[in-house]
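Here is how the chains run, residue by residue.
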Amino acid sequence: MMRKNILIVFLVFMLGNVLFAQSNYTLIGERNAKNISLLWSVDKWDNNLEGVYVKRRSILKNGQTSDWKLLTTELLVPYNQVNKSLSNVSNSKTIVRELVSKRAALIQNTVSSTTKITEISAGDFKKELLQDPTVQKMLGLMFIFDYDIALMYGFGYVDVKFPKKEIVEYGLFPVTNGIESTAPAAVFQWNAEKLANLNVKVVKEKIKRKGKKIQLRLEYNGEELDSMKTLAGFNVYRKVNSEDFSRINSKVIWLSKATKKRVLNFGDKIEDENQQYTYAITPVSVFKNEGAASELTWNKADEVILQAPELYTKQHPNIDFIKEGVKLQWKFEDNHEKEVRGFIVQRKAGSETQFITISDTLMADVRTYTDNSLQDSDIKNFYYRVIVKPKESFGIWSNVLRLFYNPKPIVKEMKELTATPRIENDQAFVQLNWQAENDFINQIHGFLVYCDRSGGILAKESDIPVFKDTSYEYRIEGGAGRNYQFTIKYENLDGSSGNYTDTIDVVIPSKKLPFITVWPFTIEEKNLIFQWKYPNNIMDLKGFRIYLNNQLVEDENQVNKSQRSWTLENLEPGTYELEMQAVSESEVISKRSQKRIIEVN
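Below is a summary of the structure that appears in this document. (Residues numbered from 1 in each chain as written. Predicted model: local features only at pLDDT ≥ 70, side-chain atom pairs only at ≥ 80, totals over all residues. Heavy atoms only, no water.)

## Quick look at the side chain of Asn499
Part 1: You can see Asn499 is positioned in strand β30 (residues 497–499).
Part 2: With sequence-adjacent residues up to four places away left out, Asn499 is seen in contact with Lys380, Asn381, Phe404, Val411, Met414, Ile488, Lys489 and Tyr490. (Helix = DSSP H or I, 4+ residues; strand = E, 2+ residues; numbered from the N terminus. Contact = heavy atoms within 4.5 Å.)

Encoded structure:
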């Protein structure tokens, strides 16, 4: 009998470890002057996951550990309802009382400058997590903006009674199918004698007035920010003259992780330009702790107003620029030379989309530059600009100077190209048209079509042979709903080519539109407030249609393509089915979104 019991215990132990190996759990935290705050997450929600326990133990000086102590007296079950007990999210009664009060206010939407939250049962919440993986990402954003919401939903714990002289370790113990994990699925350690260090270094900072706005620009090192696991973003504080600082951003400013260089841009309206404005930018963690502030100050007396350089050339366009170089000149006020570091010259060739810097930083008293770096090629079309670099502000661009040359000129000026898109039998086409005289056509081998379908560079369409017509019907094989560029070149009898028309942009009509995901939504009094997710790269998107109970209540003329949230006001009490559709400029419509059932009391 004893052997059988031992076998059962062994099987339960093995089953528990198999169950809890299906998903990756994360537990993060940090300490401030009063407490240690924790936040947990799981990368893949398990249908059998019932909740988690949070435990704590001490790591002793000899390397040994104390026994695990249970902190959450009840299972942490993720859901949100006004009568849900919050006594197990902290061992501080004060914190619990404040959370209960704030939760009631959030559900009733009586908290200013914050998002209303809705009640949802544990079962419904689990269904949402399993059916739509984006719900977890939306929750993550909510928690970044307000850690208290994470506590209300059951994803956090605040410990105020930890030992202050030891290294403490917290463990996350999931419960699946009624079985508690025998070992923590995730752990977090903290030396309780130390507070969180949230200070970050600013790589570059600028402050400048643009019209009636003050523009702040702070650049950070992305690798440093990524190393701070609890960093949520930044807060911006302002004071006018000698008054106290007050926070002016409604939500934590989150920086995209797309590049190693992270830039915070923030604009503030000037109420009185004769006052001094001082801004403090602080890093803030997901637990609402803040690091040291970086301060920037603006006042009118220190502002330097510089005029943009005026770029020109006296060089004849038929001179061979490759042999002679391109001789540039610009005008700039001499009395502002002491306020600038100098000038740089930039160039782009042909259909290139980005300017490149071709000069070192030139002295502030320099007004000429010769570009001797051009190489012999088919490109005969060049663009130049000069940028003045102030000592204390943003660079100021000159006008763009366009130069076209041909040592043996045939085309005296670029010809106009027109492009007309259409959809026929579910196939997209672009009709290209331009003009050419017979004398010119007789001197060349024919025309070539160049196209850019990906925002890169214009490339010759190798499948289209040289032809002498002045129109071409271009068939779109893919990439509908985005921007294409076209230009027409000509090929000489010797096989060399040259530019003939200007470059034209055209948006290819979408043949179909993707599905809309509507989430989250809230009820404030009798107003329905909701948001939705939709791709931003559909160039011909016109807007959205909103349906209530299968009736169109707003169309694309009211809800334009830039909108991702909307409010329907003064709804009568009852049950509503909310649906949405996307609409293109060509009146292509998407399928309706998943119905959201709304109860208005």
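## Details of a positive patch on the surface
Part 1: Together, Lys69, Lys93, Arg97 and Lys161 line one region of the surface with positive charge.
Part 2: The exposure class assigned to Lys161 is exposed, which follows from its relative accessible area of 57%. (Patch = residues over 30% accessible without salt bridge, like charges linked within 9 Å, V, L, I, M, F, W, Y side chains within 5 Å. Areas by Shrake-Rupley, 256 points an atom, 1.4 Å probe, with all protein chains shown as cover. Salt bridge = Lys/Arg side-chain N within 4 Å of Asp/Glu carboxyl O. Lys, Arg positive; Asp, Glu negative; His and termini not counted. Charge placed at Lys NZ, Arg CZ, Asp CG, Glu CD. Buried < 20%, exposed > 50% of the residue type's maximum accessible area, 1.4 Å probe, protein only.)

## Details of the nonpolar core
In globular proteins that are soluble, nonpolar side chains generally tend to be buried together.
Part 1: Among the nonpolar cores identified, the biggest contains 77 residues, and Trp40, Phe530 and Trp532 are the most heavily contacted of them.
Part 2: When residues in this core are grouped by element, the largest group, 6 residues, is from helix α5 (residues 147–153).
Part 3: Residues contacting Trp40, with those up to four places away along its chain left out, are Tyr25, Thr26, Leu27, Trp45, Val52, Leu76, Pro78, Gly154, Phe155, Gly156 and Leu172.
Part 4: Ranked by size, the runner-up nonpolar core spans 25 residues in total, among them Leu417, Cys451, Phe486 and Ile504. (Core = buried A, V, L, I, M, F, W, Y, C linked by side-chain atoms within 4.5 Å.)

## Overview of the packing of aromatic side chains
Part 1: Applying the stated criterion across every chain, the model contains 28 aromatic pairs.
Part 2: In this structure an aromatic cluster arises from ring pairing among Trp434, Phe440, Phe447, Phe467, Tyr472, Tyr490 and Tyr500.
Part 3: A cation sits over an aromatic face here: Arg385 above Trp397, 4.0 Å from the ring centre.
Part 4: Its end group placed over the ring of Tyr547, Arg592 keeps NZ or CZ at 3.7 Å from the ring centre. (Phe/Tyr/Trp six-rings, centres within 6.5 Å; stacked < 30°, edge-to-face > 60°. Lys NZ or Arg CZ within 6 Å of the ring centre and 35° of its normal.)

## Digging into the sheet that holds strand β32 (residues 517–524)
Part 1: One open sheet accounts for 3 strands, arranged β32-β33-β36; its pairing is antiparallel. Lying at the two open borders of the sheet, with one neighbouring strand each, are β32 and β36 (565–568). Averaged over all adjacent pairs, the angle separating strand axes in this sheet is 20 degrees, with direction ignored.
Part 2: Pairing between strand β33 (residues 527–533) and β36: 4 bridges, direction antiparallel. Pairing of Gln531 across the sheet is with Ser565, part of β36.
Part 3: Of the strands in this sheet, β32 and β33 touch helix α4 (residues 134–145), which is tilted by about 50 degrees from β32. (Pairing = 2+ DSSP bridges. Axes fitted to C-alpha atoms, helices over the stretch in contact; angles between N-to-C directions.)

## Side note on the pattern of salt bridges
Part 1: Evaluated as defined, the whole model comprises 21 salt bridges.
Part 2: Measuring nitrogen to oxygen at the nearest pair gives 3.7 Å for the salt bridge that ties Arg217 to Glu219.
Part 3: Of the residues examined, Arg217 reaches a relative accessible area of 22% and is grouped as partly exposed.
Part 4: The buried category is assigned to Glu219, whose relative accessible area is 10%.
Part 5: One salt bridge connects Asp226 with Arg262, and the closest N-O pair in it is separated by 2.9 Å. Taken together, the residues Asp226 in helix α6 (residues 222–227) and Arg262 in strand β13 (residues 261–269) connect sequence positions 36 residues apart.

## Details of the pairing of strand β3 (residues 49–59)
Part 1: Counting buried positions over the 11 residues of β3 gives 9, a clear majority of the element.
Part 2: Two elements, β3 and strand β6 (residues 167–176), share 10 bridges in a ladder whose sense is antiparallel. Its bridge partner lying in β6, Tyr53 is registered against Phe173.
Part 3: Two strands pair when backbone bridges link them, and β3 and strand β4 (residues 69–70) are joined in this way by 2 bridges, in the antiparallel orientation. Within β4, the position partnered with Arg56 by the bridge is Lys69.

## Topic: the sheet that holds strand β11 (residues 231–240)
Part 1: Taken together, the 4 strands give an open sheet; going across it, the order is β12-β11-β14-β15, and neighbouring strands pair in antiparallel fashion. The open sheet is flanked by β12 (246–247) and β15 (294–298), the only strands paired with a single partner.
Part 2: Pairing of β11 with β12, which is carried by 2 bridges, proceeds in the antiparallel orientation. Within the sheet, the bridge partner assigned to Tyr237 lies in β12 and is Arg247.

## Observations regarding helix α3 (residues 122–131)
Part 1: Those residues of α3 that sit buried are Phe125, Glu128 and Leu129. Taken around the axis of α3, the buried residues stretch over an arc of 95 degrees, which confines them to a single face. Looking at α3, the residues exposed on the side facing more than 90 degrees away from the buried face are Lys127 and Gln131.
Part 2: Lining the buried residues of α3 we find α4, α5, β32 and β38 (596–600). (Arc of directions from axis to C-beta.)

## A look at the pairing of strand β18 (residues 340–349)
Part 1: Counting buried positions along β18 gives 9 out of 10 residues, so the element sits mostly inside the fold.
Part 2: As judged from the 9 bridges shared by β18 and strand β21 (residues 381–390), these two strands associate in the antiparallel manner. Counterpart to Phe343 in the pairing with β21 is Val388.
Part 3: The pairing of β18 with strand β19 (residues 356–357) spans 2 bridges and is classified as antiparallel. The residue of β19 that forms the bridge with Arg347 is Ile356.
Part 4: Between β18 and β19, which pair antiparallel one after the other, the connecting turn spans 6 residues, and Gly350 there sits at a positive phi close to 55 degrees.

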